[in-house]
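# Examination of the molecular architecture
Residue-level listing of the chains:
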Amino acid sequence: KPYRIASILILTLIMGSLCLPGKPAQAQSSAPVEAGVFLALEAAPGTVIEAPVQIRNASQVYAIDIELQFDPAVLAAEDANPSSAGIQMGFGEFLDPGLALFNEVDLEKGIARFAVSQINPSEPKSGDGVLFVIYFVGLKEGVSPLTVTNLQVASREGDEIASSGVD
């Protein structure tokens, strides 16, 4: 009889633990999330060009931190929000407006950094879209790569999502 009570107790504990709410299992996408500039762009000196920084193959993305480097001797950036100090990029439509930790362009170093997290009640995003737009001005003839020097993508829970930058 004690053996039977112990068996029933263990079975009850196992069944009860299966009913507890847990973190749902999520399938991992076979391709990593890609972020960067996917188009080759041209601008004559003195003209403004929009450089959309996009995300592709996104699955359950809630936050992103991306840094791009460009040649400051060839390109400068125009401010998308003149009412704020510094030089900002224009927000895209992929992520909901939330908490912007970084949205700045350093013209001396040739670095653009965009770090944004959605906030509750926004839902994670999947698919493809524009994260932000840099408004570049051609300074002189030449070529400037747009190189992703840092990329971190996170889920709503803060887990890092596999990603790769597109230069």
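Residues numbered from 1 in each chain as written. Predicted model: local features only at pLDDT ≥ 70, side-chain atom pairs only at ≥ 80, totals over all residues. Heavy atoms only, no water.

Looking only at helices and strands, the chain has one helix and eleven strands in total. Residue burial in the chain is summarised as follows: out of 167 residues, 37% are buried. Of all intrachain contacts in the chain linking residues separated by at least 6 positions in sequence, the fraction that spans at least 24 positions is 72%. A total of about 10100 Å² of accessible surface is found on the chain, and carbon and sulfur atoms cover 57% of it. (Helix = DSSP H or I, 4+ residues; strand = E, 2+ residues; numbered from the N terminus. Buried < 20%, exposed > 50% of the residue type's maximum accessible area, 1.4 Å probe, protein only. Contact = heavy atoms within 4.5 Å. Areas by Shrake-Rupley, 256 points an atom, 1.4 Å probe, with all protein chains shown as cover.)

Taken together, the four bridges between strand β1 (residues 33-36) and strand β11 (residues 163-166) define a ladder with parallel strand orientation. Its bridge partner lying in β11, Glu-34 is registered against Ser-164. (Pairing = 2+ DSSP bridges.)

Examined against the element boundaries, Ala-154 turns out to sit in strand β9 (residues 147-154). Sequence separation between Ala-154 and Tyr-62 is 92 residues; the distance between their C-alpha atoms is 5.9 Å. Those residues in contact with Ala-154 that sit more than four places away from it in its chain are Gln-60, Val-61, Tyr-62, Ala-63, Asp-159, Glu-160 and Ile-161.

What follows is about the nonpolar core. Ranked by size, the top nonpolar core spans 33 residues in total, and within it Ile-64, Ile-66, Phe-132, Ile-134 and Phe-136 carry the most contacts. Sorting the residues of this core by element identifies β1, β2 (48-61), β3 (63-69), β4 (75-78), β7 (111-117), β8 (125-138) and β9 as the ones contributing at least two each. The element that contributes the greatest number of residues to this core is β2, accounting for six residues. Excluding anything up to four places from it in sequence, Phe-132 contacts Ala-51, Pro-52, Val-53, Ile-66, Leu-68, Met-89, Gly-90, Phe-91, Gly-92 and Phe-114. (Core = buried A, V, L, I, M, F, W, Y, C linked by side-chain atoms within 4.5 Å.)

Scope: geometric values only; no functional claims are made or implied.
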